[in-house]
Amino acid sequence: MSWEDVQVLRKAGRFREAIDLALELLSQGHDRRVRTQLDWSWYGLIKELVREMVAKLKASQPMPPGDVSGLVNALRGYARQPAIRPDNPLSNILREVSKVAAHLPPFPGFVRWVGIDGLAIEDWQYQERDGNTYRPVAIAMARGLAKWVKAHRDAEQADIALAHEWLERIRPVARGDDALWLDWDRALMLRRLGDYRHAAE
């Protein structure tokens, strides 16, 4: 068995099998190609889980606890590996999980694990591809944190401050509606932090 076998499973959408095989191979010694396939397999699994959650949210269906715990366990499994940051699979994982951040209790903790330096330079920039514009991963994360705070009335001050920090860092590059939403989110975070004077600016 080799990294190529992991790749075959991953491309077939058999992400859990790909992950199990990759972990088994890595237990026998580090292999960069196996690790790469492992990380993309985690991304494939997480994307699949997020897609299922988003479909239920759009259909106004209740979110089963099992769906949330499944995604949380996948994120924890990914985070158990020696960190490689910044990294393309990580950037893609962050973009996906930010879509359902409000429903993930450990989302702020995951963002802390990633860290400001965990994002690549392009994750802080708009990307133009095939005539389409893609917003920065950092905006998705900042807005995800803000939505998490809104959904958790008992959020700790440290988590609210974390959301505010990310909003402040990405705001200078935001465009159009993104800038407007970030300003609204920023004002709300400041109010939750008790800084009503700056929130009104």
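None of the values given here were measured: they were computed from a predicted structure.

Quick notes on the rules
For every chain, the first residue of its written sequence is number 1, and the numbers climb from 1 along that sequence. Reporting of local features is limited, given that this is a predicted model, to residues whose pLDDT is at least 70; pairs of side-chain atoms are given and counted only at 80 or more, and all residues count toward the totals for whole chains, interfaces and linings. Side-chain calculation: all heavy atoms of the structure are included, whereas hydrogens and water are not. As a rule, the C-alpha atoms of each element are fitted with a line to give its axis, helices using only the stretch in contact, and angles between N-to-C directions run from 0 to 180 degrees. The way it works is that DSSP assigns letters per residue, a run of H or I at least four long becomes a helix, a run of E at least two long becomes a strand, and they are numbered from the N terminus. Any angle that is under 35 degrees is reported as roughly parallel, and any over 145 degrees as roughly antiparallel; angles of 65 to 115 degrees are reported as roughly perpendicular and all others as oblique. A crossing counts as left-handed when the near helix is turned anticlockwise from the far one by less than a right angle, and as right-handed when that turn is clockwise. In what follows, a contact means two residues having at least one pair of non-hydrogen atoms within 4.5 Å. Just so you know the grouping, Ala, Val, Leu, Ile, Met, Phe, Trp, Tyr, Cys and Pro go in nonpolar, Asp, Glu, Lys and Arg go in charged, and all remaining residues, Gly too, go in polar. Think of it this way: a Phe, Tyr or Trp ring, Trp meaning its six-membered ring, pairs with another when their centres are within 6.5 Å, and the plane angle makes it stacked under 30 degrees, edge-to-face over 60, tilted otherwise. Note on exposure labels: buried denotes an accessible area under 20% of the residue type's maximum, exposed denotes more than 50%, and partly exposed covers the range between, all computed with a 1.4 Å probe on protein chains only. To define a nonpolar core, start from buried Ala, Val, Leu, Ile, Met, Phe, Trp, Tyr and Cys residues and group those joined through side-chain atoms within 4.5 Å.

Our next topic: the packing of helix 6 (residues 107-114) against helix 8 (residues 157-170). Closest axis-to-axis distance for the helix 6/helix 8 pair is 10 Å, and the angle between their directions is 55°. The angle between helix 6 and helix 8 places the two elements in the oblique class. By crossing handedness, the relation of helix 6 to helix 8 is classed as left-handed. For the pair helix 6 and helix 8, contact is made by Pro 108, Val 111 and Arg 112 and by Ala 158, Asp 159, Leu 162 and Trp 166, respectively. Classifying every residue of the contact of helix 6 with helix 8 by side-chain character gives five nonpolar, no polar and two charged.

For the coordinates displayed, the defined rule picks out four aromatic pairs. Centre to centre, the rings of Trp 40 and Tyr 43 are 5.6 Å apart; their planes meet at 80°, and the pair counts as edge-to-face. On the criterion of helical spacing, the pair formed by Trp 40 and Tyr 43 is a turn pair, its members being three residues apart in helix 3 (residues 32-58). Looking at Trp 40, the relative accessible area reads 25%, which means it is partly exposed. Plain terms: the ring middles of Phe 110 and Trp 113 are 5.6 Å apart, the flat faces sit at 20° to each other, and that makes the pair stacked. Here the residue Phe 110 and the residue Trp 113 both occupy positions in helix 6, the gap between them amounting to three residues, near one helical turn. On the basis of relative accessible area, Trp 113 is assigned to the partly exposed category, the value being 26%.

What follows is about the nonpolar core. Counting 60 residues, the largest nonpolar core has Leu 71, Leu 104 and Trp 166 as the members making the most contacts within it. Ignoring any residue separated from it by four or fewer positions in sequence, one finds Leu 104 in contact with Val 68, Leu 71, Val 72, Leu 75, Val 97 and Trp 148.

Here the bond from Arg 85 into Pro 86 is cis, since omega is -10°, no more than 30 degrees from zero. Residue Ser 60 is not a glycine yet carries a positive backbone phi of 55°. The topology assignment puts Ser 60 in the loop between helix 3 and helix 4 (65-79). A residue is classified by how much of its surface remains accessible, and Ser 60, at 67% relative accessible area, is exposed.

Bear in mind that shape data such as this cannot, by itself, settle questions of function.
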